[in-house]
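Below are the chains, spelled out letter by letter.
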Amino acid sequence: MAFDYSKSGLPANPTWELCTKMCNRWLDDNMKMFGPDRIANFMNDQPVAAAKLLLGKCTDTSPESVIVALLGPAKGALLAGAEMGVLMRHTFGDRAVDLVRTLENPQIAPDAAMLRDANRIFLVEGLSTMNDQMIGRKRIDAFHQRRWDILHGLESRFAAINGYEPELDKLFAEALKKSRDTLEGLDQAAAAAKKQPKPPGM
């Protein structure tokens, strides 16, 4: 079943719906091996979940931060040059484009509000990733080390920005602990299984 914005739980908004279509197209082009069902799950569990966290936990959520959250891995389209860059700014606004640039390099944030939004995007995307990809996993797969790498990156960045968004910070800290507990538990179970003596004749 393909992703359907009307069933996402987000309010009717043509710009937000366009963002999810761009994200969905990016996934179709780059992650087609997962098929429409898993891509739809990703849409709901990551970009849509991230946007809902912004809207539910931040009373002063900016329009551009919701746009960037819903674009998910397709947000790089806002950094296009030449005529496409003009189109992106016209469609999504200058601040949405500048927010993506700030995500890549926080040092160039034009003002405190945009740096705040960049930190919020990091928090809500990290939360949606941990809830979708780490917490409660039951087995090790080919992406296990990649998940550890992501978790280390989340822990490092969070240490630098912790304290600015109390509600999101609390959720993020809890998710970091649950994610680490899950991954460590999988590693410990795998190590224990290797130590089990082989039955006679094996």
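The preceding data block contains the structure.
In this report, we go over the structure that sits alongside the text. (Residues numbered from 1 in each chain as written. Predicted model: local features only at pLDDT ≥ 70, side-chain atom pairs only at ≥ 80, totals over all residues. Heavy atoms only, no water.)

1. Here's the deal with the packing of helix 5 (residues 82-92) against helix 6 (residues 94-104)
What counts, and what does not: Axis definition: a line fit to C-alpha positions, over the contact stretch in the case of helices; interaxial angles, taken between N-to-C directions, run 0 to 180 degrees. Numbering of helices and strands runs from the N terminus, with a helix taken as a DSSP run of H or I at least four residues long and a strand as a DSSP run of E at least two residues long. Residue contacts are counted whenever heavy atoms from the two residues lie within 4.5 Å of one another.
Running from N to C, helix 5 and helix 6 point in directions that differ by 115°, and their axes come no closer than 6 Å. Each of M88, R89 and F92 in helix 5 lies in contact with helix 6, whose residues at this interface are D94, A96, V97, D98 and R101.

2. A short note on helix 7 (residues 112-133)
Applicable threshold: By this rule the span expected of a helix is its residue count minus one, scaled by 1.5 Å. Any pair of nitrogen or oxygen atoms within 3.5 Å is treated as a polar contact; in protein, a donor-acceptor pairing is required on top of that, and neighbouring residues in sequence qualify only through side-chain atoms on both sides.
Taking 1.5 Å of rise per residue, 22 residues should cover 32 Å, and helix 7 covers 31 Å from first to last C-alpha, within 8% of that figure. For helix 7, the N-terminal cap is D111; the gap from its side-chain oxygen to the backbone nitrogen of A113 is 3.3 Å.

3. A word on the packing of aromatic side chains
The cut-off we apply is this: In this scheme Phe, Tyr and Trp rings, the latter by its six-membered ring, pair at centre separations within 6.5 Å, and the angle between planes marks the pair as stacked below 30 degrees, edge-to-face above 60, and tilted otherwise. We call a residue buried when its accessible area falls under 20% of the maximum for its residue type, exposed when it is over 50%, and partly exposed in between, using a 1.4 Å probe and counting protein chains only. For a Lys NZ or an Arg CZ to count as sitting over a ring, it must be within 6 Å of the ring centre and within 35 degrees of the ring normal.
The full count for this structure, using the stated rule, is 2 aromatic pairs. Here the aromatic rings of F122 and F172 are separated by 5.4 Å at their centres, their planes lie at 40°, and the arrangement is tilted. Here the residue F122 occupies a position in helix 7, and F172 occupies one in helix 9 (residues 166-195), the gap between them amounting to 50 residues. For the pair formed by F122 and F172, the shared burial category is buried. Look at F158 and F172: their rings are 4.8 Å apart centre to centre, the planes differ by 35°, and that puts the pair in the tilted class. Here the residue F158 occupies a position in helix 8 (residues 144-161), and F172 occupies one in helix 9, the gap between them amounting to 14 residues. The exposure classification of F158 matches that of F172, with both residues buried. Members of the aromatic cluster, connected to one another through ring pairs, are F122, F158 and F172. Above the face of the F122 ring, R157 is positioned so that its terminal group lies 4.7 Å from the ring centre.

4. Brief notes about the environment of L127
One can find L127 in helix 7. Overall, the relative accessible area of 3% leaves L127 in the buried class. Once the C-alpha coordinates of L127 and R180 are considered, the two residues, 53 residues apart in sequence, prove to be 13 Å apart. Residues within four places of L127 in sequence aside, it is in contact with L53, L168, L171, F172 and A175.

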